[in-house]
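# Structural description and commentary
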Amino acid sequence: MSAVTVLAATLQDVLVDAADGLSTPSIDWAGIAPNLILMLGGVLLLTVVSVLKRRLPVWFPAVWTISAAVAAACAVVPLWQRFTDSGPESLMAGAVGLDGFSLFATVEVCIAVVFAALLLSDYLRRESLDAPEWYVLVLLSASGAVTMASANDLIVLFVGLEILSVAVYVLTAMHRRRISSQEAGLKYFVLGAFSSAFLLYGIALTYGATGSTNLADIQGFLSREVVTQNALLLGGLVLMLVGFGFKVAAVPFHSWAPDVYQGAPTPITGYMAGAVKVGAFAALLRVFVVALGPSYRQEWQPVVAALAVLTLVVGAFGAISQTNVKRMLAYSSINHAGFILLGVLAASTQGTRAALFYLLAYTFMAAGSFAVVSVVARTGEHRQSLEDYRGLASLRPGLALTFAVLLLSQAGVPLTVGFLAKFYVVTAAVESGFDWVAVIAMLTAVVSAFMYLRIVATMYFGEAPEGVTAPRIPPATTLAIGLAVVGVIVLGVAPGPVSDLANDAVAQLVVAAP
Amino acid sequence: MIAAQSSASWLLPALILVPFVGAGLLALVPARRSDVFRPLALLVTASTGVLAVYLLTQFDSAEAGFQFAVSQPWIDDLGISLTLGVDGISLFLVVLTGVIFPIAILGATPHHDPKPYYAWLCVLMGASMGAFLALDLVLFFVFFELVLVPMYFLIGLWGYAERTAAATKFFLYTMFGSALMLVGLVATAVLHQRGVGGRLTFDLVEIASDPGISQNAARLIFVAFALAFAIKVPLVPLHTWLPDAHTQAPTAGSVILAAVMLKLGTYGLLRFGVYLFPEAAVWSRPVLLTLAVLGIVYGAVVATMQTDLKRLVAYSSVAHMGFIVLGVFSLTVVGIEGGILVMVNHGITTGALFLLVGMIYERRHTREISQLSGLQRSAPVLAAVMTLVVLASVGLPGLNSFPGELLALLGAFETSRAWGVVAVTGVILAALYLLWAYQRTFHGPATGENATVRDMRPAEFGVLAPLLVLIVVLGLFPGLMIDRMEPSVKALVAHVDEQVDGFSETRYEFVGPQARESEGTGGAGEGTGTGGQGTGGESGG
């Protein structure tokens, strides 16, 4: 009953406010500059290309996209300065949070966009699919991911999620001559729409229980009031978890992931593993750890622990029984999601920061790995099975070496970023008293290491079959793979500067100034 | 525990960096210059070896703490630092690493792809050095795990028929242990911070001197560490990766695996088991001693039944590793010293054995004992060298394995007599399987191809010569090593005494009069070195 009363009261308040005349909030354009650059970059690209259709060189959309992503990342720098000087802020009537967390996540999304553009430019030429729409959709979805990561309000978060998702559904299905791409797009769309509904219903219930969709207000409400009948809130919490679980591909909401990862055009798979995971995990961290963490941690931690364990185990064991390398990496991304869930589970600043670092690491590892998969698969993406990697080391020693480094990093071998990423989340989990989950996580890492080693062994210890020619590695892809490997090693050997930044990247909720 | 900063603070980082930089140089040389790689790799590893020997000469043998210590923050916000140091326990393992690598490179050449082969060997050397020198839990783990990668490729790319499976098995077994160890070491640091206050740190000395970890937690963490090291050693139920890895690895890989990498496990047990969790070590002693004795007997029995010469040597390693763990977990000064002596001397003798088996394989293209016979007639020098090495491995007094095994057994007798009695049978069994194998391969009529086997070349003898010299010198003068390690070992046992209530009583209660004797002589090294030769002769012969 109480919840209904609250709902009624709030509704009344809203109506009264509306009667007073709507006051529009002041917009801090500078504060949302990175997001604006990405979104306007996408819209402008579409306009420019449709006006000057035939007069633009083929490389133009890719260069435009990379410039937009770099510009957005540069726009973060003054904001970071502003945040370190004057602390976290809440912009646009409390809808958008400007804190280290959202800025750090923004940069991660930008990195994923750069990789996606580099890989797409070669991929589209090879598959004769060159069209600027790919890049437009990448930029728009990136804007959605950034919106999710900086959302201070559940409705804004949902809008961001939809901007991100709808663009990625289309990107997944954009390879019009591959039936598996279309199938993946449809599957992703149906299940994704389903999960959005779950999330929205969860938001509605949470609103009913707390009287607000603003995260700062929810946090404040829960710390002030003792909710005696919390069925509504718990229901909202669980439904939101289901929605986020779908997006991050946590078991048991993962069943779309292997098919979609395998079916999607490979550069888009790498982009999904980077940007979509960053957006979804950032939103999950913001809602669960920051808004609901202080007072409702005890309620959701067991559920997330179960999710994490299932995700880790299913991801690892699912991967070892596969023979298609792209599908192996899809399952391994589920296992990685389990590791990031450890950071969420810790529900601490340590955990948040570890999850952010892991996401950064995984963006590099996934982009590089899927780039190699794209190169080896050749035109039409037919060669994805483990057999097609046999003897790659003798055909393309450099490519095999970089793939080996990326795979060993995913396995968590020291002096690569994969090890430190795992180390951080394990530390966070142990500090929060989840040592048993950490043990399970590390054991699943050994299981997935078997799968990574299988690929490495096939490349190095197998003989290349007669008559197979070395795959061609186009220049932009070479650059992308090079960047990924350099990132993996530099971050693995000297993580200091980045992990210091991640230290400041703690999400904080600030109540909007009235 | 860290001694005063020495002037030569560059020495330990150089020991790690020289091989790594060398590997980088090798990677930069174009692959077609195939004649450059071997001399360059030799130069790199030999100069590291020279640095290691220089370290030995500069080492202050009166000092118990860590010397040449350097420390540099690495990941500051988690308290992870690049802390290096050497004491009497790690000193000889560092020197052994420095000596074995150039010999392994000289002793065997790869059949293909020399560039990655030598580059991986250099990486392996740097990582092994790092693991022996690291005094930070995370840094140790980094190197401990890093050695897997070069070894994986060495076995997988230059090994024999079943190499892929062996390499994968080797990698996954060790990684399984490290997975638990990683959680264990994080838990150590976190609980230490909670117990003592202050900031998070992974510094070994700082945690060991004041752990602040409850007994139950410490025992649990110790189990995680011990499991990882027991796989690496390997102790008996966890040893199944070893025969495959050894048999399939190329000769240089086997030599390094036996001489250096297995020691990472026993060294880890000593440094990160006994030193870090003394109470848990005392608590777990019955189990570990039982496994050690089981390993000694089981390794010997299984070795006797092997038909493949290399597999036989591999199983003999299992038995020798048992002696090390027996000595270490006797938790007495004598026993631990014996354990360390066996670590080093097993590296020398088994390294030499693998080189010799590799030479036999090169000549006969088989390692089946049934195919070999009468090699003594066609290759007398090879037979003579083999005799010396086999006798050393058996534990003949006057040769290098004897003092270590004797001290380890003495230690076991001091604290746990029953285990000591069973372990002694291992010495007799060692004589059985090694001498029997020698007899079958080298004695008898030289049939078929065995009659025309080429004898050892001077160059091959030159490779083995340093090991042969060490076998004799360290056999006759074990005090050379014991004197340098004794202060550190004594400090370690004192540390255990201090941290574990009533530990010293349990030891003396067990032993009675013998303990007072060894207390009285003080310098256990000289006492046993001379007195032991007469008594050990019966069991060794």
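Counting restarts for each chain: residues are numbered from 1 in the order of the written sequence. To read the labels, note that chains go from A and ligands from 1, taken in the order they are written. With pLDDT at 70 or above as the cut-off, local features in this predicted model cover only qualifying residues; side-chain atom pairs require 80 or more to be listed or tallied, and sums for whole chains, interfaces and linings still use all residues.

### Let's talk about the overall build of chain A
What counts is decided by this rule: Here a helix means four or more residues in a row that DSSP labels H or I, a strand means two or more in a row labelled E, and each is numbered from the N terminus. Throughout, the radius of gyration refers to the C-alpha atoms, and the reference size of a globule is 2.2 Å times the residue count to the power 0.38. A residue is called partly exposed when the number of other C-beta atoms within 10 Å of its own lies between 12 and 20, exposed at 12 or fewer, and buried at 20 or more, with C-beta atoms placed from the backbone. Residues are treated as contacting if the C-beta atoms built from their backbones sit within 7 Å of each other.
What chain A contains, in helices and strands, is 20 helices and 2 strands. The C-alpha atoms of chain A give a radius of gyration of 22 Å, which matches the 24 Å a tight globule of 514 residues would have. Across its three principal axes, chain A shows a C-alpha extent of roughly 75 × 60 × 45 Å. A burial count over chain A gives 62% of its 514 residues as buried. In chain A, of all internal contacts separated by at least 6 residues, the share reaching a separation of at least 24 is 81%.

### Describing the overall build of chain B
Helix and strand counts for chain B come out as 23 helices and 2 strands. Computed over C-alpha atoms, the radius of gyration of chain B comes to 22 Å, within 12% of the 24 Å expected from 2.2 N^0.38 for 541 residues, which places it in the range of a compact globule. Over its C-alpha atoms, taken along the principal directions, chain B stretches across nearly 70 × 60 × 40 Å. By residue count, 62% of the 541 residues in chain B fall in the buried class.

### Considerations on the nonpolar core
The line we're drawing: Definition of nonpolar core: a set of buried Ala, Val, Leu, Ile, Met, Phe, Trp, Tyr and Cys residues joined via C-beta atoms within 7 Å.
Ranked by size, the top nonpolar core spans 432 residues in total, and within it A:Val113, A:Leu342, A:Tyr358, A:Val425 and B:Leu326 carry the most contacts. Broken down by element, this core gets its largest block of residues, 20 residues, from helix α14 (residues 349-377) of chain A. Setting aside its immediate chain neighbours within four residues, A:Tyr358 contacts A:Phe339, A:Ile340, A:Gly343, A:Ala421, A:Tyr424 and A:Val425.

### Section: helix α6 (residues 154-172) of chain A
Note the cut-off: Every helix has an expected span of 1.5 Å times one less than the residues it contains.
The end-to-end C-alpha distance of α6(A) is 26 Å, a good match for the 27 Å that 19 residues give at a rise of 1.5 Å each. For α6(A), the tally of buried residues reaches 14 of 19 residues, placing the bulk of the element in the interior.

### Re the interface of chain B and chain A
Taken together, the contacts link 25 residues of chain B with 26 residues of chain A. Looking at the side of chain B that touches chain A, the elements that each hand over two or more residues are α5 (137-146), α6 (148-158) and α7 (163-196) of chain B.

### Considerations on the pairing of strand β2 (residues 80-86) of chain B
Residues and elements named next belong to chain B. To keep things clear, this is the line we draw: At least two DSSP bridges between two strands are required for those strands to pair.
Counting buried positions over the 7 residues of β2 gives 6, a clear majority of the element. Sheet analysis places strand β1 (residues 67-75) next to β2, joined by 6 bridges and oriented antiparallel. Bridge pairing links Ser71 to Thr83 in β2. What sits between the antiparallel neighbours β1 and β2 is a turn of 4 residues, in which Gly79 has the positive phi angle 70°.

### Remarks on the confidence of the model for chain B
This is how the line gets drawn: Confidence of the predictor at the level of single residues is captured by pLDDT, which takes values from 0 to 100.
Looking at chain B, pLDDT values average 86 and 92% of them are 70 or higher. Interface confidence for the predicted complex, given as ipTM, is 0.88, next to a pTM of 0.90.

### Description of helix α16 (residues 380-394) of chain B
End to end, α16(B) covers 21 Å across 15 residues, agreeing with the expected 21 Å (1.5 Å per residue, within 8%). Those residues of α16(B) not exposed but buried are B:Leu382, B:Ala383, B:Val385, B:Met386, B:Val389, B:Val390, B:Leu391, B:Ala392, B:Ser393 and B:Val394.

### Some details on unusual backbone geometry
In this structure, the amide linkage connecting A:Val251 to the following residue, A:Pro252, adopts the cis form with an omega of 5°. Inspection of the secondary structure puts A:Pro252 in the loop between α9 (231-248) and α10 (256-263). With omega at -5°, the peptide bond leading from B:Val233 into B:Pro234 counts as cis. With respect to the element layout, B:Pro234 can be found in the loop between α9 (215-232) and α10 (241-248). Notably, A:Leu415 is not glycine yet its phi reads approximately 70°, a positive angle. In this structure, A:Leu415 sits in the loop between α16 (397-411) and α17 (417-431).

### A short note on the environment of B:Leu56
All names here are of chain B. Mapped onto the fold, Leu56 is located in helix α2 (residues 37-58). Looking at Leu56, the number of C-beta atoms within 10 Å reads 17, which means it is partly exposed. With near-sequence residues (within four places) excluded, Leu56 lies in contact with Leu91 and Val95.

### Considerations on the environment of A:Tyr362
Residue and element names in this part refer to chain A. Its location among the elements puts Tyr362 in helix α14. Taking the C-alpha atoms as reference, Tyr362 lies 7.9 Å from His336; in sequence the two are 26 residues apart. In contact with Tyr362, not counting residues within four places along its chain, are Ala273, Lys277 and His336.

### A short note on the packing of α16(A) against helix α18 (residues 435-461) of chain A
Residue and element names in this part refer to chain A. Basically, it comes down to this: To get an axis, fit a line to the C-alpha atoms, keeping to the stretch in contact for a helix; angles then go from 0 to 180 degrees between the N-to-C directions. Here is the rule for angles: anything less than 35 degrees is roughly parallel, anything more than 145 is roughly antiparallel, 65 through 115 is roughly perpendicular, and the remaining ranges are oblique. Three classes are used, and their members are as follows: Ala, Val, Leu, Ile, Met, Phe, Trp, Tyr, Cys and Pro are nonpolar, Asp, Glu, Lys and Arg are charged, and the others, Gly among them, are polar.
Contact pair α16 / α18: the axes reach a minimum separation of 9 Å and the direction vectors enclose 170°. Here α16 is positioned roughly antiparallel relative to α18, judged by the angle of their axes. Every residue of α18 that contacts α16 at Ala400, Phe403, Ala404, Leu407, Leu408, Gln410 and Ala411 is listed here: Ala445, Ser448, Ala449, Tyr452, Ile455, Val456, Met459 and Tyr460. The residue makeup of the contact of α16 with α18, split by class, is 13 nonpolar, 2 polar and no charged.

### Points about the packing of α16(B) against helix α19 (residues 458-476) of chain B
All names here are of chain B. For clarity, the threshold we go by: Take the far helix as your reference; a near helix turned counterclockwise from it by less than a right angle gives a left-handed crossing, and one turned clockwise gives a right-handed crossing.
The contact between α16 and α19 brings their axes to 11 Å, and the two run at 35°. Like other packed secondary-structure pairs, α16 and α19 cross with a definite hand, here left-handed. Of the residues in α19, those touching α16 at Val381, Val385, Leu388, Val389 and Ala392 are Phe461, Leu464, Leu468, Ile471 and Gly475.

### Some remarks on the environment of B:Ala134
Residues and elements named next belong to chain B. Secondary-structure assignment places Ala134 in the loop between α4 (114-133) and α5. Given 24 C-beta atoms within 10 Å, Ala134 falls into the buried group. C-alpha separation for the pair Ala134 and Leu12, spaced 122 residues apart in sequence, amounts to 9.7 Å. Dropping the residues within four chain positions of it, Ala134 is found in contact with Leu84, Leu139, Phe140 and Phe143.

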